[in-house]
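# Summary of the model geometry
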Amino acid sequence: MIEVSDLTKRYGDKVAVDHLSFTVEPGRVTGFLGPNGAGKSTTMRLVLGLDYPNTGTATINGKHYRELPSPLRTVGALLEAKSVHGGRTARNHLLFLAQTQGLPRSRVDEVLGLVGLQEVADKRAGSFSLGMSQRLGIAAALLGDPQVLLLDEPVNGLDPEGVLWIRNLMKQLATEGRTILVSSHLMNEMAVTADYLIVIGRGKLIVESSTEDVIARSTDKSVRVRTPDAARLTELITAAGGTSAPGENGGGPAAPGNGAELLTVTGLPAARIGELAASASIVLHELTPVASLEEAFMELTSGSVEFGRRDRPGQPSQPDPVNATQGGAR
Amino acid sequence: MTAATPTAPAQVPAAAAAEHRQGWGGLLASEWTKIRSVRSTVWTLLLFVVISIGLGALFTWLTVANWNGPRAAPRDARVILDPVGFILGAGLGLGQLTLCVLGVLVISTEYSTGVIRASLLAVPRRLKMLTAKSVVFAALLLVVAEIVVFGSFFLGAAILHSHVPVALSDHNVTRAVVGSGLYLTVLGLFSLAIGAIIRHTAGAITTAIGVVFVLPILSGLLPGSWGAHINGYLPEQAGVLIGQSQPAAGDVLSAWEGFGVFCLWTAVLLALAGYLLQRRDA
C-alpha cells in the first residue's frame, strides 16, 4: 500500500506537487493520470525518496522508502527517465542491483527471461531499442519480486505488442495481490488498464475513484446541443426530465453566422433529445454526446494543464469545448 | 525479440525479504560490478599504466643519455640527491591526470546516465552507497597504483643504475615508493569527491585538474614566505612530498605531514560530498 499525505514539492517558484493526498491499495492496478507536467513523475520520485518533499509524507507499507530494509524486495520502480549506463550490459546492470539486495545471480537470469531479454543479456544497454530498454527497466523493477510497483509512463513509445505485454503484466501482477501504481497522460490507455484512477492536474488531486466511476461521472448524460430554437428545446428537455444549461462558448469562435445557441444537456441520452427535437420540428445544428474518454479527461483537467491545450494538432477542431458543469471540480 | 508471456516472478522467500538488511558485502560487490563493467575504467587505468611507466622510463633514459651534458648539472644534482623522487615524478606527473579523470567519472557518469536513480533506489541510505563506492575504488586504485609505482621504480632504477644506483633498501626509498601509491589512491578519492560534489563530468574534471595542476602554478607566483606556505599546503603539493626520499629546498612540510594534509583535504571534500548527496534531490 502506498500512502501519500499532504505532499508538496516546489522547485524554485514552481509548485510541482501541491498538497497531494491519496492512497494506492493492493490487488488492483491504480492509474495515475494527468496531463504532462501535472506532477506525476515528481510524486513518484517523492514516494521513492529520490527527491525530498517540502511538506507532507509518502509511505510504502507504512514506512518511508529510506527505512525499507531491502528496498528492491519491497518496491520496484520504472522511472520515465533513463537510469541505465549505455556502456553496461543488461546483465551487469541487473547484477549490480541484485547484489545490493543480497539476491542471487540466478535471479538476474530469471527476470531477463521474464521480460524476454535473455538473448541480448550481454549486449550493451546503449544499443537497445526503446522497447528493449523499457523491458530492461521492467526487469529491474521486478528483480526483488516486490509487493509494490511504481511504473512511470511504462508504455511510452512502445509498439502495440509491447503495450499489450505491459498491460497484461500489470494486470497479472495486480491479480497476485500486489500494489501497482502506473502513471500515464493517456486516458484511453488507463481506461483499459487501470481499475482505479487518481487524476491530478497542476500537482493537485482532481479525482480519485474507480475507473468506471470517473468515466461515468465525467461523461454520461452530457450532450452538447446546438439549435437556433434553444428556448423551446429547453422546455421540452425539462419536461422530459433532463436539465439544460446554456453552453459556454469557452472562448472559442461562435458558430458561423446562424445565431444558433449552444446547450449542455444532462440527464437525457442524445437519441432522446433528437426525438424530442424531431417531434417538435426543432432544427438541430449539433447533437454530440460528450462520451470520449479523452474528452472526459480533458474536462477533468481543464484549467489544470501546464501548457495550452487548445487547438491541439490531430484533434478535430472544437470551437466550444464543453466546460463541464459536473465532475470538473470536486 | 519475442514477447515473454507474463508469469509470476519467482518467489523470493517472504521471510528473507522481511529479515534481510543490506550488508556491506553486497554493497561492495555491487560497486565492484559497476566499476568493472564499464569501458572507461579499463581504458583510463590502461592509460595510467602506460603513461606512468612509459613516460617515467623515457624521461629517466633521456636524463641518463644527457648525463653531464651542457647545462645539465643542476638537474643531475637533483637526481643524485633524490633519485627515487625523480624516477617516480617523471611519469606520475602526467599519469596522475588519468586518475583524476577516472575518480570523477566513477561518480559523475552515474549522474549523466541516470544510473544514480537506480543506485539510490537500491541503496536509499545514500552515505552507504558513497562509502561502498569509495572503498571499492580506493582498493582498486591501491592495487593498480602500487603495481605501477613499483614497476616504474624498478625500471627507472635499472636505467639510472650506471649513474646513480638506487635500491629499495636505501634511506626512505621504500617509503617513497609505497607512499606514491598511497598518494595516487587518495588522489583518486579526492577526484571522486569533486565528481560527487559537482555531478557534471566536464565541470568536475576541469575542477579536479585545475586544483591538482593549475593551482600550484598560480600559487607558486605568490611572493614571500606566506606564498610558499599557501603553495605548500595545496593538496597536490602537500601530497607528492611522500614520494621524495629527501626534502627539497623550500618544502614547508615533511613527507608524512604533507600526506596527512592531503588526506585531510580529501576527507573534507568527501564529507562535503556525503553531506550534499544526503541533502540534494537525486
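Quick note: structure is the one above.
No experiment lies behind these values; they were computed from the predicted model shown. (Residues numbered from 1 in each chain as written. Chains lettered and ligands numbered in written order. Predicted model: local features only at pLDDT ≥ 70, side-chain atom pairs only at ≥ 80, totals over all residues.)

Attention now goes to the sheet that holds strand E4 (residues 55-60) of chain A. Residue and element names in this part refer to chain A. Strand order in the open sheet formed by 3 strands is E2-E1-E4, and the pairing between neighbours is antiparallel. The strands lining the two open edges of the sheet, one partner per strand, are strand E2 (14-24) and E4. On average, adjacent strands in this sheet sit at an angle of 20 degrees to one another, irrespective of strand direction. (Pairing = 2+ DSSP bridges. Helix = DSSP H or I, 4+ residues; strand = E, 2+ residues; numbered from the N terminus. Axes fitted to C-alpha atoms, helices over the stretch in contact; angles between N-to-C directions.)

In this section: the interface of chain B and chain A. Between chain B and chain A, the contact holds 39 residues from the first and 48 residues from the second. Mapped by element, the contributors of at least two residues to the side of chain B that touches chain A are helix H2 (24-36), helix H5 (83-113) and helix H6 (115-122) of chain B. By residue class, the composition of the side of chain B that touches chain A is 20 nonpolar, 13 polar and 6 charged. (Contact = placed C-beta atoms within 7 Å. Nonpolar A, V, L, I, M, F, W, Y, C, P; charged D, E, K, R; others polar.)

Looking now at the packing of helix H3 (residues 39-65) of chain B against helix H7 (residues 126-160) of chain B. All names here are of chain B. Here H3 crosses H7 at 15 degrees, and the two axes come no closer than 9 Å. With respect to H7, the element H3 is oriented roughly parallel. As for the relative orientation of H3 and H7, their crossing is right-handed in sense. Of H7, the residues touching H3 (which contributes Leu-45, Phe-48, Val-49, Ser-52, Ile-53, Gly-56, Ala-57, Thr-60, Trp-61 and Val-64) are Val-144, Val-148, Gly-151, Ser-152, Leu-155, Gly-156, Ile-159 and Leu-160. Classifying every residue of the contact of H3 with H7 gives 12 nonpolar, 6 polar and no charged. (Parallel < 35°, antiparallel > 145°, perpendicular 65-115°, else oblique. Left-handed = near helix turned anticlockwise from the far one by under 90°.)

Residues other than glycine predominantly adopt negative phi, and peptide bonds predominantly adopt the trans conformation. All names here are of chain A. Even without being a glycine, Asp-145 presents a positive backbone phi close to 50 degrees. A positive phi is found at Ser-281, a non-glycine position, where the angle reads about 55 degrees. With respect to the element layout, Ser-281 can be found in the loop between helix H9 (270-279) and strand E13 (286-289). Overall, Ser-281 belongs to the exposed group, with 8 C-beta atoms counted inside 10 Å. (Buried ≥ 20, exposed ≤ 12 C-beta atoms within 10 Å, placed from the backbone.)

Residues and elements named next belong to chain A. What the 4 strands build is an open sheet, ordered E11-E12-E10-E13; its pairing is antiparallel. If you trace the sheet from one side to the other, it starts and ends with strand E11 (243-246) and E13, each paired once. For this sheet the average axis-to-axis angle between neighbouring strands, irrespective of direction, equals 25 degrees. Note that strand E10 (residues 223-227) and strand E12 (residues 261-266) share 5 bridges and pair antiparallel. Across the sheet, residue Val-223 finds its bridge partner in E12, namely Val-265.

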